[in-house]
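The lines below spell out each chain.
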Amino acid sequence: MTSSIKSWKLITLIVLPIWILLGSGCAVISESECQAGLWYERGLEDGARGRGQGTVYKIAQKCHEYGVRTDTEAWMRGHEEGVERYCTPENGFVVGRRGRNYEGVCTGPSADLFLANYERGLAVYQAEKQYNALVDRYHDAEREVDNIEEALDEAETKEEARSLRRQRRTLLREMRHLEAEMMHFGGFGAFNPLLFY
């Protein structure tokens, strides 16, 4: 009986924080925001952030739980205006460059320009992520080489020293390869976004 209670407590301690984190990420609107109304302003903000029209249904569902009726029409008017602000070519690049998701809210001629610039920005974002991964691996390899240098000073047998030197050669080869890869991005410590526009 006591072991099953201990198991239950352990499960609760592990699962509860995860459930709280997941639950807090899903909060679309708070009770106080529902009570305040400001549906036009809320729609304007959601549109300017590129959120899709489906957002209003999530808001309405949540506010219904708090006993508040959502003014969907006011939200839609605000959303439409917010989307106009969002769907500019300049913002398309900014949204992509930050690696944000695009929910397909733009329509008409602005959609093509937005999307073209979004894809350019996203290409730069993804290239910078690849570059940073190369830099991180280079620094890891550098630290490993330093550790091997220290271990070589303390090596007790010729076989151990030979093995450590072999590992060091492999790492140094990898570092040269990483430096060559980084040149495609502008060089070591010099990511050049202009190469990916």
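The sections below set out a description of the structure shown in this document. (Residues numbered from 1 in each chain as written. Predicted model: local features only at pLDDT ≥ 70, side-chain atom pairs only at ≥ 80, totals over all residues. Heavy atoms only, no water.)

### Examining the overall build of the chain
Now for step 1: Secondary structure summary: the chain contains 8 helices and 0 strands in total.
Now for step 2: Buried positions account for 28% of the 197 residues belonging to the chain.
Now for step 3: A total of about 13,400 Å² of accessible surface is found on the chain, and carbon and sulfur atoms cover 54% of it. (Helix = DSSP H or I, 4+ residues; strand = E, 2+ residues; numbered from the N terminus. Buried < 20%, exposed > 50% of the residue type's maximum accessible area, 1.4 Å probe, protein only. Areas by Shrake-Rupley, 256 points an atom, 1.4 Å probe, with all protein chains shown as cover.)

### Some points on the side chain of His79
Now for step 1: Relative to the helices and strands, His79 is located in helix H5 (residues 72–86).
Now for step 2: Sequence-distant contacts of His79, that is, excluding residues within four places in its chain, are made with Gly43, Leu44, Asp46, Gly47, Arg51, Gly52 and Gln53. (Contact = heavy atoms within 4.5 Å.)

### Remarks on the packing of aromatic side chains
Now for step 1: Per the counting criterion, the structure on display carries 8 aromatic pairs.
Now for step 2: Both rings, one in Phe114 and one in Tyr118, keep their centres 6.3 Å apart while their planes meet at 10°; by these two values the pair is stacked. You can see Phe114 and its partner Tyr118 sitting in helix H7 (residues 109–153), 4 residues apart, about one turn around the helix.
Now for step 3: Clustering of aromatic rings is evident, with ring pairs tying together Tyr86, Tyr102, Phe114 and Tyr118. (Phe/Tyr/Trp six-rings, centres within 6.5 Å; stacked < 30°, edge-to-face > 60°.)

### Some details on the nonpolar core
Now for step 1: Tyr131, Met182, Phe185 and Phe191 are the most contacted members of the largest nonpolar core, which has 18 residues in total.
Now for step 2: When contributions to this core are tallied by element, the ones reaching two or more residues are H7 and helix H8 (158–183).
Now for step 3: The dominant element in this core, judged by the number of residues it contributes, is H7, at 10 residues.
Now for step 4: Apart from residues lying up to four places away in sequence, Tyr131 is in contact with Met182, Phe185, Gly187, Phe188, Gly189, Ala190 and Phe191.
Now for step 5: Formed by 10 residues, the second largest nonpolar core is a distinct cluster that contains Val83, Ala111, Tyr118 and Leu122. (Core = buried A, V, L, I, M, F, W, Y, C linked by side-chain atoms within 4.5 Å.)

### Points about the pattern of salt bridges
If charged atoms from side chains of opposite charge come close, those side chains can pair.
Now for step 1: Applying the stated criterion across every chain, the model contains 12 salt bridges.
Now for step 2: Between Arg168 and Glu149 there is a salt bridge, and its shortest N-O distance comes to 3.2 Å. Here the residue Arg168 occupies a position in helix H8, and Glu149 occupies one in helix H7, the gap between them amounting to 19 residues. (Salt bridge = Lys/Arg side-chain N within 4 Å of Asp/Glu carboxyl O.)

### Quick look at the environment of Phe191
Now for step 1: Tracing the sequence through the fold places Phe191 in the segment after H8.
Now for step 2: Along the backbone, Phe191 and Glu128 are 63 residues apart, and their C-alpha atoms lie at a distance of 7.1 Å.
Now for step 3: If we ignore the near neighbours within four places in the chain, the residues touching Phe191 are Arg97, Val124, Ala127, Glu128, Tyr131, Phe185 and Phe196.

### Points about the packing of helix H4 (residues 54–65) against H5
For any two helices packed against each other, one specifies the crossing angle of their axes together with the interaxial distance.
Now for step 1: Packing of H4 against H5 leaves a shortest axis separation of 10 Å and a crossing angle of 145°. In the crossing of H4 with H5, the sense of the turn from one axis to the other is right-handed. Here Thr55, Val56, Tyr57 and Ile59 of H4 lie close against H5, whose contacting residues are Thr72, Trp75 and Met76.
Now for step 2: Residue classes in the contact of H4 with H5 are distributed as 5 nonpolar, 2 polar and no charged. (Axes fitted to C-alpha atoms, helices over the stretch in contact; angles between N-to-C directions. Left-handed = near helix turned anticlockwise from the far one by under 90°. Nonpolar A, V, L, I, M, F, W, Y, C, P; charged D, E, K, R; others polar.)

Distances and angles like these do not, on their own, reveal function.
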